[in-house]
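Chain by chain, the residues run as shown.
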Amino acid sequence: MSSVDNNANVLSKEIRHGRTAHNMSSSSLRKKSDLTLVSKIRFPCLRRCLANIQEVILGTKLSVLFPAIPLAIIGQCFGFAEPWVFALSLLGLTPLAERVSFLTEQIAFYTGPTVGGLLNATCGNATELIIAIFALYGRKIDVVKYSLLGSILSNLLLVLGTSLFCGGIANLRKEQKYDRKQADVNSLLLLLALLCHMLPLLFKYAAASSDITAKATLQLSRASSIVMLIGYFAYLVFQLWTHREFFEAQEDDDDVTEETPVIGFWSGFAWLVGMTAIIALLSEFVVGTIEDASNSWGISVSFISIILLPIVGNAAEHAGAIIFAFKNKLDISLGVALGSATQIAVFVVPLCVIISWIMGITMDLNFNLLETGSLALAIIATAFTLQDGTSHYMKGFVLLLCYFVIGACFFLIKNLNYQFNPENKIKTKRIY
């Protein structure tokens, strides 16, 4: 046995006890691969290759969606209707997001929980970040803002609401409790993000001249983004080193099994790079076809970006959170919903502002009154919901109602506005 494999076996117990809620949530959609036929192949290289393919491609209950990936590529190459390319690309992103979580966990067996945690924190919302970067490159700033806002809203209201509602219905005769320590930390970071979004918006109403306001808003947004990134890195230190026990997913003794990696380190790394490249390709398709899909379906771009993109893109992670809520394991469900929302709010959003700054593109944290108001009410409603450490189905039901009202609001906005961009001296279309 190689030294790498020995190291993986030594670390397996530590990894098992240090698994995050994201790892636990994604693992609920995995299935055990039967390698009986593959093990009979005589050639070692071919046997390892087929075993890797079986573990990575067929080792998930979402493997039925993988054919959407080549269909989307074929559709783009041969000029299929762009709404079809958009839909196929969106479906193809669903299993890829779950597989990225699986691969980061496999790599963590060899690198240890700290490096694995950093890798998981970086790749946890890779789909949203890649879509945002391609939208930035295409100067579709509103798509960036809408998609990231939608991810936060869906995690706080839809995923958390569905988890609390389903968990409450399934455990009517049990008192559902969860550890408030993790929720308190995430709520504080979300309130920090809300403050950084509200101040640029308030600048718009505080200053007399719109020209002065635009420049000051941009500068404040960039400064606030740096502050949020500092807060996020402090959060990583808090999560991975000083207070790791707050964020470890607790497993019952009956569920604990000795786990070992199913693929090698370099195989996992190669698969992770390949999956990320495919996510980038499909994200480019999504960004390039979203307006045509909007016109064809008669649905506003804001509704597609805020509602459809987050729901389909993170369906695997969301389904896992709901499954654990049924099992009365709310700490895992809360870790998924709040952890993902926090990562997007204080890492992905400010990172996009910094990237746009480097690219010479104007993007600020002013998400406009309606969008920022929706974000504020979602964060406040979530904070009130989680204040006592207990849950019942009514809390989840109210969060779901909030999400449906916000979704209806953006569904009804179909008009087009034009805003003047003083930096580029051109008219930029704000797409609803």
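Residues numbered from 1 in each chain as written. Predicted model: local features only at pLDDT ≥ 70, side-chain atom pairs only at ≥ 80, totals over all residues. Heavy atoms only, no water.

Engineer: Whenever I open this one, the overall build of the chain confuses me. Can you help?
Structural biologist: In terms of regular secondary structure, the chain is built from 16 helices and four strands. The 432 residues of the chain split such that 53% are buried. Considering only intrachain contacts with a sequence separation of at least 6, the fraction spanning at least 24 residues in the chain is 83%. Total accessible area on the chain is roughly 19,400 Å²; 66% of this is exposed by carbon and sulfur atoms. (Helix = DSSP H or I, 4+ residues; strand = E, 2+ residues; numbered from the N terminus. Buried < 20%, exposed > 50% of the residue type's maximum accessible area, 1.4 Å probe, protein only. Contact = heavy atoms within 4.5 Å. Areas by Shrake-Rupley, 256 points an atom, 1.4 Å probe, with all protein chains shown as cover.)

Engineer: So what exactly am I meant to see when it comes to helix H3 (residues 44–57) here?
Structural biologist: Given 3.6 residues per helical turn, the α-helix brings residues three or four places apart onto the same face. The end-to-end C-alpha distance of H3 is 20 Å, a good match for the 20 Å that 14 residues give at a rise of 1.5 Å each. Inspection of H3 places Ala51, Asn52, Gln54, Glu55 and Val56 among the buried residues, and these make up the whole buried set. (Expected span 1.5 Å × (residues − 1).)

Engineer: What exactly am I supposed to notice about the environment of Ala108 here?
Structural biologist: Along the polypeptide, Ala108 turns up in helix H5 (residues 82–111). Its relative accessible area of 7% is what places Ala108 among the buried residues.

Engineer: What exactly am I supposed to notice about the packing of aromatic side chains here?
Structural biologist: For any pair of aromatic rings, the description consists of the separation of the ring centres together with the inter-plane angle of the planes. If you walk through the whole model with that rule in mind, you get 10 aromatic pairs. Ring centres of Phe165 and Phe397 lie 5.9 Å apart, and the angle between their planes is 35 degrees; this geometry places the pair in the tilted category. Remark: Phe397 occurs in helix H16 (residues 393–411) and Phe165 occurs in helix H8 (residues 141–170); sequence separation between them is 232 residues. Residue Phe165 is classed as partly exposed on the basis of its relative accessible area, which comes to 26%. Geometrically, the ring pair formed by Tyr232 and Tyr235 is tilted, given 6.1 Å between the ring centres and 45 degrees between the ring planes. One end of the pair, Tyr232, and the other, Tyr235, are both in helix H10 (residues 210–242), three residues apart, so they sit about a helical turn from each other. On the accessibility criterion, Tyr235 (7% relative accessible area) is buried. One aromatic cluster in this structure is built from Tyr110, Phe265, Trp266 and Phe269. Cation over ring: Arg99 sits above Phe102, and NZ or CZ is 4.3 Å from the ring centre. (Phe/Tyr/Trp six-rings, centres within 6.5 Å; stacked < 30°, edge-to-face > 60°. Lys NZ or Arg CZ within 6 Å of the ring centre and 35° of its normal.)

Engineer: What exactly am I supposed to notice about the packing of helix H4 (residues 68–77) against H5 here?
Structural biologist: Contact geometry of H4 with H5 gives a least axis separation of 8 Å together with a crossing angle of 150 degrees. The pairing of H4 with H5 is recorded here as roughly antiparallel in orientation. Between H4 and H5 the crossing geometry is left-handed. Every residue of H5 that contacts H4 at Ala68, Ile69, Leu71, Ala72, Gly75 and Gln76 is listed here: Val85, Leu88, Ser89, Leu91, Gly92 and Leu96. Partitioned by chemical class, the residues of the contact of H4 with H5 number eight nonpolar, four polar and no charged. (Axes fitted to C-alpha atoms, helices over the stretch in contact; angles between N-to-C directions. Parallel < 35°, antiparallel > 145°, perpendicular 65-115°, else oblique. Left-handed = near helix turned anticlockwise from the far one by under 90°. Nonpolar A, V, L, I, M, F, W, Y, C, P; charged D, E, K, R; others polar.)

Engineer: What is the right way to look at H5 in this model?
Structural biologist: For H5, which comprises 30 residues, the first-to-last C-alpha distance of 42 Å matches the rise-based estimate of 44 Å (1.5 Å per residue) to within 8%. Of all 30 residues that make up H5, 24 are buried, and the element is covered over most of its length.

Engineer: Even after reading the chapter, I still don't get the packing of H4 against helix H11 (residues 265–297), so can you show me in this structure?
Structural biologist: For any two helices packed against each other, the geometry is given by the interaxial angle and the distance between the axes. It is at 11 Å that the axes of H4 and H11 come closest, and there the two elements cross at 50 degrees. When the axis of H4 is compared with that of H11, the two are oblique. The way H4 lies across H11 gives a crossing that is left-handed. Touching Ile69, Ala72, Ile73 and Gln76 of H4 are Ile278, Leu281, Leu282 and Phe285, all from H11. Counted by class, the contact of H4 with H11 contains seven nonpolar, one polar and no charged residues.

Engineer: Looking at this model, I keep getting lost on the pattern of salt bridges. Mind explaining?
Structural biologist: A side chain with one charge can pair with a side chain of the opposite charge if their charged atoms come near. Tallied over the full model, the rule gives six salt bridges. With its nearest N and O atoms 3.9 Å apart, the salt bridge here joins Lys140 to Glu291. With Lys140 in the loop between helix H7 (126–137) and H8 and Glu291 in helix H11, this pair connects stretches of sequence that are 151 residues apart. For Glu291, a relative accessible area of 25% corresponds to the partly exposed category. Note that Asp179 is salt-bridged to Lys181, the shortest N-O span being 2.9 Å. Under the relative-accessibility criterion, Lys181 is labelled partly exposed at 37%. (Salt bridge = Lys/Arg side-chain N within 4 Å of Asp/Glu carboxyl O.)

Engineer: Could you clarify how one ought to interpret the nonpolar core in this entry?
Structural biologist: Soluble, globular proteins show a tendency: their nonpolar side chains are buried together. Ranked by size, the top nonpolar core spans 100 residues in total, and within it Phe86, Val144, Leu156, Leu334 and Cys352 carry the most contacts. For this core, the leading source of residues is helix H14 (residues 330–359), giving 16 residues. Those residues within four positions of Leu334 in sequence are excluded, and the remaining contacts are Leu160, Leu164, Tyr178, Ala183, Gly339 and Leu386. (Core = buried A, V, L, I, M, F, W, Y, C linked by side-chain atoms within 4.5 Å.)

Engineer: Teacher, can you tell me more about the side chain of Asn171 here?
Structural biologist: Note on placement: Asn171 falls in the loop between H8 and strand S1 (176–177). Overall, Asn171 belongs to the buried group, its relative accessible area being 7%. Only 3.4 Å separates the side chain of Asn171 from the backbone oxygen of Phe326, close enough to count as a polar contact. With sequence-adjacent residues up to four places away left out, Asn171 is seen in contact with Gln176, Ala325, Phe326 and Asn328. (Polar contact = N/O pair within 3.5 Å; in protein donor to acceptor, adjacent residues only side chain to side chain.)

That is the geometry; function is a separate question.
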